[in-house]
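Observations on the model geometry
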Amino acid sequence: MIPSRQDDGPPTGHDGRSEGAGRFLRVIGLMSGTSLDGVDAALIETDGVSVRYRGAAVSLPYEASLRERVYALFGQAAAFAGETLDALPEEFRAVERELTDAHVRAVQQVLEQEGTADLVGFHGQTLYHAPERGRTWQMGDASRLSHLTGLPVIHDFRSADVAAGGQGAPLAPWYHAACLGNMQGPVAILNIGGVANVTFVGADGAILAGDTGPGNALLDDWALRHTGVACDQDGALARAGQVDQAILAGLMADPFFARPLPKSLDRQAFAMALERVSCLGAEDGAATLVAFTVRSITQSALPEVPRGWFVCGGGRHNPSIMQALGQTLPGTVAPVEALGWNGDMVEAECFAFLAMRSLRGLPLSSPGITGAPGFGSGGRLSCSALVPSSVLGGAFAR
């Protein structure tokens, strides 16, 4: 449950309001992160406060051609953020269809194993995130997804928070806190995807979260450029290189790192780092980018020193990143598997959990998590595949 650090009584949300148990639904969560490696899908049974069952999970890698097409849109996305689908250039619409269909296949594969589901939580593919400009854009056609899967779909999780003055990210701390249950803080959950973010839970149960800086995205782009493979496999490039301390110091001088949590980043916010390290060889460039990720994490100011750091996301598979974290962070550093979690599916499960919170009108926004001024829900519902009779006889009527 969302931790209240109380020994009895109903669970409370981060706004102090009761978040009592509700009806449990079978929800498939979908996540396609900024690392652009593919789609993760996972089914859980949840009431948006706790999880009683974790079911099938699948990962479908993007084809190289789709990854390249999505990457090409990053540089154009700022000019079109906020446009309606019909107003977008054809390439945006074509990529959105292909992305959505990849998510449809992921849902279908989960259903082949689980048989039934009640709801889908669809994050979409982030193309542009600029909360200071009131914009966040997760590409994906929820209506098409609903039509092709026959399921209602919750989507657009971030826009309401941004409109309210929040950062729109990270949202995973709600799920991290639920999974931690009554584990005593201070503890930190570190998610290293394309962007890295931290969930800090203090000794008193207070939660603070935010993006720390780049995660895998820069290193992936660098590795692709130099090896033709979109990741530093086994951390081999970085392990063979030396950190350029002058370049690292210049990167860490960015004002973003002086800002307190909560805060958030666009994937491309530090794309200039690839140019900064372009004077280096493949190995030294990779080592410097790993150091950039790690230094931005270690310099994030937290209210207390965590006694444990538990890492999820693709970054935990990179030995160079994990070794550097272990050498520089105080306390234990371990993958979230040490807690019994599936570190590859935490975010997919998270968006199933958040979909249920959205359906119940529970908060997705919080001053300590997204920096919003208050607590509010978010997400939108698409039911294009459903007719009134199916809803009447379906999960929502039970």
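The structure presented is a predicted model; accordingly, all values stated were derived computationally and were not measured.

**Some points on helix H8 (residues 245–252)**
What H8 keeps buried is the set Ile247, Leu248, Leu251 and Met252. An end-on view of H8 places all buried positions within 135° of arc, on one side of the element. Buried residues along H8 sit in contact with helix H9 (272–276) and helix H10 (282–298). Of the residues that open H8, the one with a side-chain oxygen 3.2 Å from the backbone nitrogen of Ala246 is Asp244.

**Thoughts on the packing of aromatic side chains**
Taken as a whole, this structure holds 10 aromatic pairs when the rule is applied. Aromatic pair Phe92 and Trp137: ring centres 5.6 Å apart, planes at 15°, arrangement stacked. Linking Phe92 in helix H2 (residues 90–114) with Trp137 in strand E5 (residues 135–139), this pair joins segments that are 45 residues apart in sequence. A residue is classified by how much of its surface remains accessible, and Trp137, at 12% relative accessible area, is buried. Centroid distance Phe256 to Phe257: 5.5 Å. Interplanar angle 85°. Geometry classified as edge-to-face. For the pair formed by Phe256 and Phe257, the shared burial category is buried.

**What to know about the pattern of salt bridges**
This model, assessed by the stated rule, comprises 14 salt bridges. Glu337 is paired through a salt bridge with Arg316; the nearest N and O atoms lie 2.8 Å apart. Here Glu337 is found in the loop between strand E11 (332–335) and helix H12 (346–360), whereas its partner Arg316 is found in the loop between strand E10 (308–312) and helix H11 (319–328), with 21 residues between them in sequence. For Glu337, a relative accessible area of 36% corresponds to the partly exposed category. Among the residues examined, Arg316 registers a relative accessible area of 10% and is labelled buried. Residue Asp344 is joined to Arg316 by a salt bridge in which the shortest nitrogen-to-oxygen separation is 2.9 Å.

About the thresholds
- Residues numbered from 1 in each chain as written.
- Predicted model: local features only at pLDDT ≥ 70, side-chain atom pairs only at ≥ 80, totals over all residues.
- Heavy atoms only, no water.
- Buried < 20%, exposed > 50% of the residue type's maximum accessible area, 1.4 Å probe, protein only.
- Helix = DSSP H or I, 4+ residues; strand = E, 2+ residues; numbered from the N terminus.
- Arc of directions from axis to C-beta.
- Contact = heavy atoms within 4.5 Å.
- Polar contact = N/O pair within 3.5 Å; in protein donor to acceptor, adjacent residues only side chain to side chain.
- Phe/Tyr/Trp six-rings, centres within 6.5 Å; stacked < 30°, edge-to-face > 60°.
- Salt bridge = Lys/Arg side-chain N within 4 Å of Asp/Glu carboxyl O.

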